[in-house]
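# Survey of secondary and tertiary structure
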Amino acid sequence: MKRAVCPGSFDPVTHGHLDVIGRAAALFDEVVVAVGVNPSKSRLFGPEERVDMITRAVADLPSVRVEGFTGLVTDFCREQDAVAIVKGLRSSSDFDYELPMAHMNTALTQVETVFLPTSTGQSFVSSSLVKEVAAFGGDVAAFLPGFVHEALLARLAERR
Ligand code: PNS
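A brief look at the structure comes next. Just so we're clear, the structure is a prediction, and the values are computed from it rather than from any experiment.

### Section: the overall build of the protein chain
Counting its regular elements, the protein chain contains six helices and five strands. Helices (α) and strands (β) of the protein chain occur, in sequence order from the N terminus, as β-α-β-α-β-α-β-α-β-α-α. Whereas a compact globule of 160 residues would reach a radius of gyration of roughly 15 Å, the protein chain reaches 15 Å, a difference of no more than 12%. When the backbone C-alpha atoms are referred to their principal axes, the protein chain occupies close to 45 × 35 × 30 Å.

Here you go:
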């Protein structure tokens, strides 16, 4: 049984994340999507909301489950008996950001990091860009599951 962890903040989950999660599910026996809970970072959606949204979005992938985690991703991997961390790469700047973390995580626990290039249609999609465009009234429906898009618009309306 080879288990992988897909960590992220997923605030909120996008089609870009789901592309990487689905492709990780095709490579590993089981995938645990690990939703980072960091109380010092302000997020648009709370940890339970983020976990619930991804759980709904991956309901058609039986080998994928979703958990919140705090602390080091390597400790979470050890708890879950995961052999790999899977990260999506959209660009060379993602690679520059991710490579030192991959080296650190291997130094801490020998867990491997597997980088998957995001599908070409998703390479410009990020949660932060989607939130910014939506906050200024831009149409981001194409980049999110429908129910996530609705939740995003509702949350932004509440914040206005
Ligand atoms: O979607 P993000 O914001 O890129 O996800 C960030 C996340 C949660 C994957 C990252 O912050 C993380 O791994 N946090 C856990 C703390 C940790 O292990 N830090 C050391 C990394 S070498």
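### Comments concerning the packing of aromatic side chains
Scanning the model with the defined rule gives three aromatic pairs in all. Relative to Phe-76, the ring of Phe-69 has its centre 5.4 Å away and its plane inclined at 40 degrees; by these criteria the two rings are tilted. Relative accessible area serves as the criterion here: at 4%, Phe-76 is assigned to the buried category. Between Phe-95 and Phe-115, the ring centres sit 6.0 Å apart and the planes meet at 70 degrees, which makes this aromatic pair edge-to-face. Of this pair, Phe-95 sits in helix α4 (residues 92-109) while Phe-115 sits in strand β5 (residues 112-117), and the two are 20 residues apart along the sequence. Taking relative accessible area as the criterion, Phe-95 reaches 35% and is therefore assigned partly exposed. For Phe-115, a relative accessible area of 23% corresponds to the partly exposed category. We note Arg-56 situated over the ring of Phe-147; from NZ or CZ to the ring centre the distance is 4.0 Å.

### Remarks on the side chain of Arg-50
Looking at where Arg-50 falls in the secondary structure, it is placed in helix α2 (residues 47-57). Put simply, Arg-50 is tucked away with no salt bridge, and the nearest opposite charge, on Asp-11, sits 4.3 Å away. Apart from residues lying up to four places away in sequence, Arg-50 is in contact with Ser-9, Phe-10, Asp-11, Val-35, Gly-36, Arg-43 and Phe-45.

### So, the environment of Gly-88
Within the secondary structure layout, Gly-88 lies in strand β4 (residues 84-89). Separated by 69 residues in the primary sequence, Gly-88 and Asp-19 have C-alpha atoms spaced 8.8 Å apart. Discounting residues that sit within four places of it in the chain, Gly-88 has contacts with Val-20, Asp-94, Leu-116 and Thr-118.

### With respect to the state of the cysteines
If you walk through the whole model with that rule in mind, you get zero disulfides. We note that Cys-6 lacks a disulfide partner, and the nearest cysteine sulfur, in Cys-77, lies 10 Å from it. For Cys-6, a relative accessible area of 3% corresponds to the buried category. Judged by relative accessible area, which is 2%, Cys-77 ranks as buried.

### A look at the packing of α2 against helix α6 (residues 146-159)
Across the interface, α2 lies against α6 with an axial gap of 10 Å and an inter-helix angle of 155 degrees. Here α6 runs roughly antiparallel to α2, going by the angle between their axes. Between α2 and α6, the residues in contact are Glu-49, Met-53, Arg-56 and Ala-57 and Phe-147, Val-148, Ala-151 and Arg-155, respectively. Partitioned by chemical class, the residues of the contact of α2 with α6 number five nonpolar, no polar and three charged.

Rules of the game
Residues numbered from 1 in each chain as written. Predicted model: local features only at pLDDT ≥ 70, side-chain atom pairs only at ≥ 80, totals over all residues. Heavy atoms only, no water. Helix = DSSP H or I, 4+ residues; strand = E, 2+ residues; numbered from the N terminus. Rg over C-alpha atoms; globule rule 2.2 N^0.38 Å. Phe/Tyr/Trp six-rings, centres within 6.5 Å; stacked < 30°, edge-to-face > 60°. Buried < 20%, exposed > 50% of the residue type's maximum accessible area, 1.4 Å probe, protein only. Lys NZ or Arg CZ within 6 Å of the ring centre and 35° of its normal. Lys, Arg positive; Asp, Glu negative; His and termini not counted. Salt bridge = Lys/Arg side-chain N within 4 Å of Asp/Glu carboxyl O. Contact = heavy atoms within 4.5 Å. Disulfide = S-S within 2.5 Å. Axes fitted to C-alpha atoms, helices over the stretch in contact; angles between N-to-C directions. Parallel < 35°, antiparallel > 145°, perpendicular 65-115°, else oblique. Nonpolar A, V, L, I, M, F, W, Y, C, P; charged D, E, K, R; others polar.

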